[in-house]
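# Fold and geometry: a report
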Amino acid sequence: MNVFDWLSHMDVPAGQRFDVVEVKFKGGRKEYFRNINQLEFVTGDYVVCEMASGQHIGSVSLQGELVRLQMKRKNVAVNDDLHVIYRIATEKDLDKHTQAMAREMPTLYRTREIIREMKLNMKLSDVEFQSDNSKTTFYYSSEERVDFRELIKALASEFKVRIEMRQISLRQEASRLGGLGSCGRELCCSTWLTDFKNISTSAARYQNLSLNPAKLSGQCGRLKCCLNYELETYIDALRDIPTVEAPLKTKKGIATLQKTDIFKKIMWFGFDKDTNWYPVPISKVMEIIELNKNNIIPESLEVLTPEADKSQDKTPQRLNSDLENLDKKYSEEQKKKKKKKNRSNKNKNNTSKPQAPQAATPGK
C-alpha cells in the first residue's frame, strides 16, 4: 500500500497544486482530505483530520498529482463533500492519540468476553478508537447475519463512547492484522493488494499444483491470492497442449501420461512395468493419438522421440534407475567377496597338506 512519489522532486507553483492529500490510518485504511489552508506537508507527517463525528489523527502518505491518479483509479469524486485537514498534529494531539491507542487492546479483550457471554456467532478481530475518544469502531467477521443490538447497548454503557460495528471479510481481516506468508514475505493484502478477486481451485489445476488445502490456503483460511498472478500465462500456454483422454498404445506397451511440462511443450509418459519416464514432444503426441484413432499402433515412444529430446532423457534415467545401480553395485561386491573366500580357502588347503620327502639323487 506504500506508493513512491516519483514527482516529489518537481516544483509546482502553489496555485497549480492539487489540494487533496491522501492520509493513512490504522490497518492500512486510506482516505482523502482537502488541504484548504495550503499547509506544507512532508510524507509521514501526522495531521488532524475532520471526521463525521469529531477529529482523527493520521499520517500523510501521498500528495500532489499522484493523488489525482489514485482517486481516479478508486472512483473517488473530487468535490466539496470531502473532509478537510485542520492542522499538523501538535504534541498535545499526539499524546491524546497515544492514550486512545492504549485503550484498544483492553477494549478488544473485554468485548470478546461480552460476546462470549451473549453467545453471539461472530469473531472480533480489531478495535480502533478515534483520536478524540468520541467514537470506537469494532471490526468483526461472521458467516451469518448477527443481531448485535444488545451488544451495542452493553458496549456503550461499558466504554461511554459512540459505537460503530463494521463487518469485514476474512481477507480484509488478514490485511488488517498482517503477517508473513509461506513465501517468507509480508502478506500481499497488507502491503499492496487492494482488490480481492474470486479464486477457485481450477486455478491450481491449470498450474499443475497439488490440491492440498493446507498448502493452497493463506493466513485467512481462503485460497491464496497469488494463485491468480500467473494464471493467464498458464492458460495461454495450455492452448497448444492436447488433452490425453486415454493411454497411448504402442507395440512396446501402453503408455500412461505422468506429467506435462507446460512451457517446454513436453509430455512425459511411462509404461506399466518400466520405472523410466520418456519425454515426448506435443507434436509427436498428437501424431500418436491420430494413429491410435485409426487403429494403427506405432513401434514405441522412443522411436518417435527426436534426437534432441533423447539427451534430455538421461537425467530421468539416472533418477529412476538408482535402485538398479545399487543392485549392480551390491551384486558385484558380493561376487568379489566370494572370490576372496575361495582364494583364502585354497591357500589354507595348500598349507595344511604335508609335503612328500624328496628322493636323494645318486652321487650326492
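Everything quoted here is computed from the prediction, not taken from an experiment.

Time to look at the overall build of the protein. Secondary structure assignment for the protein yields 13 helices and twelve strands. Sorting the 364 residues of the protein into buried and exposed places 34% on the buried side. Restricting to contacts in the protein with at least 6 residues of sequence separation, those with at least 24 account for 59%. Total accessible area on the protein is roughly 24,800 Å²; 51% of this is exposed by carbon and sulfur atoms.

So, about the nonpolar core. By size, the foremost hydrophobic cluster in this structure holds 18 residues, and its most contacted members are M122, L124, F138, L151, L155 and M165. Put simply, the parts of the chain that give this core at least two residues each are α3 (104-118), β6 (123-129), β7 (135-141), α4 (149-159) and β8 (162-167). Setting aside residues no more than four positions away along its own chain, F138 makes contact with T107, T111, L124, D126, V127, L155, F159, I163, E164, M165 and R166. Ranked by size, the runner-up nonpolar core spans 16 residues in total, among them F271, V280, I288 and L301.

Of the residues in the protein, 82% reach a pLDDT of 70 or more, and the chain-wide mean stands at 81. For the protein, the element scoring lowest by mean pLDDT is helix α11 (residues 307-310), at 41; α3 scores highest, at 92. Contacts of residues 305-317 to residues separated by more than four positions or lying in other chains number 17 contacts, the stretch itself having pLDDT below 50.

So, on to the environment of P298. If you trace the backbone, P298 turns up in the loop between α9 (282-293) and α10 (301-304). The exposure class assigned to P298 is buried, which follows from its relative accessible area of 9%. A sequence separation of 47 residues divides P298 from K251, and the C-alpha atoms of the two residues are 6.3 Å apart.

The next subject is the sheet that holds β7. In spatial order, the strands read β6-β7-β8; together these three strands make up an open sheet with mixed pairing. The strands lining the two open edges of the sheet, one partner per strand, are β6 and β8. For this sheet, the mean inter-axis angle between neighbouring strands, taken without regard to orientation, is 25°. Relative to β8, β7 is paired through six bridges, and the arrangement is parallel.

For α3, which comprises 15 residues, the first-to-last C-alpha distance of 21 Å matches the rise-based estimate of 21 Å (1.5 Å per residue) to within 8%. Buried within α3 we find E104, T107, L108, T111, I114 and I115. Taken down its axis, α3 places every buried residue within 130° of arc, on the same side. Those residues of α3 that are exposed and angled more than 90 degrees off the buried face are R116 and E117.

Attention now goes to the packing of helix α2 (residues 91-102) against α3. At a minimum axis separation of 4 Å, α2 and α3 run at an interaxial angle of 25°. The orientation of α2 with respect to α3, classified from their angle, is roughly parallel. For the pair α2 and α3, the contacting residues are A100, M101 and A102 in the first and E104, M105 and P106 in the second. In terms of residue class, the contact of α2 with α3 is made up of five nonpolar, no polar and one charged.

Right, let's get into the packing of aromatic side chains. This structure, assessed with the given rule, holds five aromatic pairs. With 6.0 Å between their ring centres and 75° between their planes, F25 and F33 make a pair best called edge-to-face. Taking the centre distance of 5.7 Å and the plane angle of 70° together, the rings of Y140 and F148 count as edge-to-face. F148 shares its class with Y140; the two are buried. Here the guanidinium or amino end of R176 rests over the ring plane of Y139, the centre of that ring lying 3.7 Å away. We note K259 situated over the ring of W268; from NZ or CZ to the ring centre the distance is 5.1 Å.

With that settled, consider the sheet that holds strand β5 (residues 85-88). Paired through backbone hydrogen bonds, the strands of a sheet run either parallel or antiparallel to each other. One open sheet holds the five strands; their spatial order is β2-β1-β4-β3-β5, and the pairing between them is antiparallel. Pairing within the sheet leaves two strands with one partner each, and these edge strands are β2 (30-34) and β5. Strand-to-strand twist of the sheet, defined as the mean angle between neighbouring strand axes without regard to direction, takes the value 45°. Here five bridges tie strand β1 (residues 20-24) to β2, and the two strands are oriented antiparallel to one another. By the bridge assignment, V21 is partnered in β2 with F33. Running at roughly 105° to strand β4 (residues 54-63), helix α1 (residues 65-73) makes contact with β1, β2 and β4 of the sheet. In this fold α2 packs onto β3 (46-51), β4 and β5, with an angle of close to 105° to the strand it touches most, β4.

About the criteria used
- What you see as residue numbers is a count from 1 along each chain, following the sequence as written.
- Where totals are concerned, whole chains, interfaces and linings use all residues; where local detail is concerned, this predicted model gives features only for residues with pLDDT of at least 70, and gives and counts side-chain atom pairs only at 80 or more.
- Remark: hydrogens and water are excluded; side-chain values derive from all non-hydrogen atoms of the structure.
- In this text, helices come from DSSP runs of H or I with a minimum length of four residues, and strands from runs of E with a minimum of two, each type numbered from the N-terminal end.
- When a residue's accessible area, from a 1.4 Å probe over protein chains only, is under 20% of the maximum for its type it is buried; when over 50% it is exposed; and in between it is partly exposed.
- Two residues qualify as a contact provided that any one of their heavy atoms is within 4.5 Å of a heavy atom in the partner residue.
- The accessible surface values rely on the Shrake-Rupley method and a 1.4 Å probe; as for residues, cover is taken only from the protein chains in view.
- Residue types Ala, Val, Leu, Ile, Met, Phe, Trp, Tyr and Cys, when buried and joined through side-chain atoms within 4.5 Å, form a set referred to as a nonpolar core.
- Confidence of the predictor at the level of single residues is given by pLDDT, which spans 0 to 100.
- Only strands that DSSP links by at least two bridges are regarded as paired with each other.
- The axes are straight lines fitted to the C-alpha atoms, using for helices just the contacting stretch, and the angles between their N-to-C directions are given from 0 to 180°.
- Multiply 1.5 Å by the residue count of a helix minus one, and that product is the helix's expected span.
- What the arc measures is the spread of directions leading from the helix axis to the C-beta atoms.
- Any angle that is under 35 degrees is reported as roughly parallel, and any over 145 degrees as roughly antiparallel; angles of 65 to 115 degrees are reported as roughly perpendicular and all others as oblique.
- Throughout this entry, Asp, Glu, Lys and Arg are counted as charged residues, while Ala, Val, Leu, Ile, Met, Phe, Trp, Tyr, Cys and Pro are counted as nonpolar. The remaining residues, Gly among them, count as polar.
- Only Phe, Tyr and Trp rings are paired, with Trp represented by its six-membered ring, and only when their centres lie within 6.5 Å; those with planes under 30 degrees apart are stacked, over 60 edge-to-face, the remainder tilted.
- Remark: a charge is flagged as sitting over a ring if the NZ atom of Lys or the CZ atom of Arg is within 6 Å of the ring centre and within 35 degrees of the ring normal.

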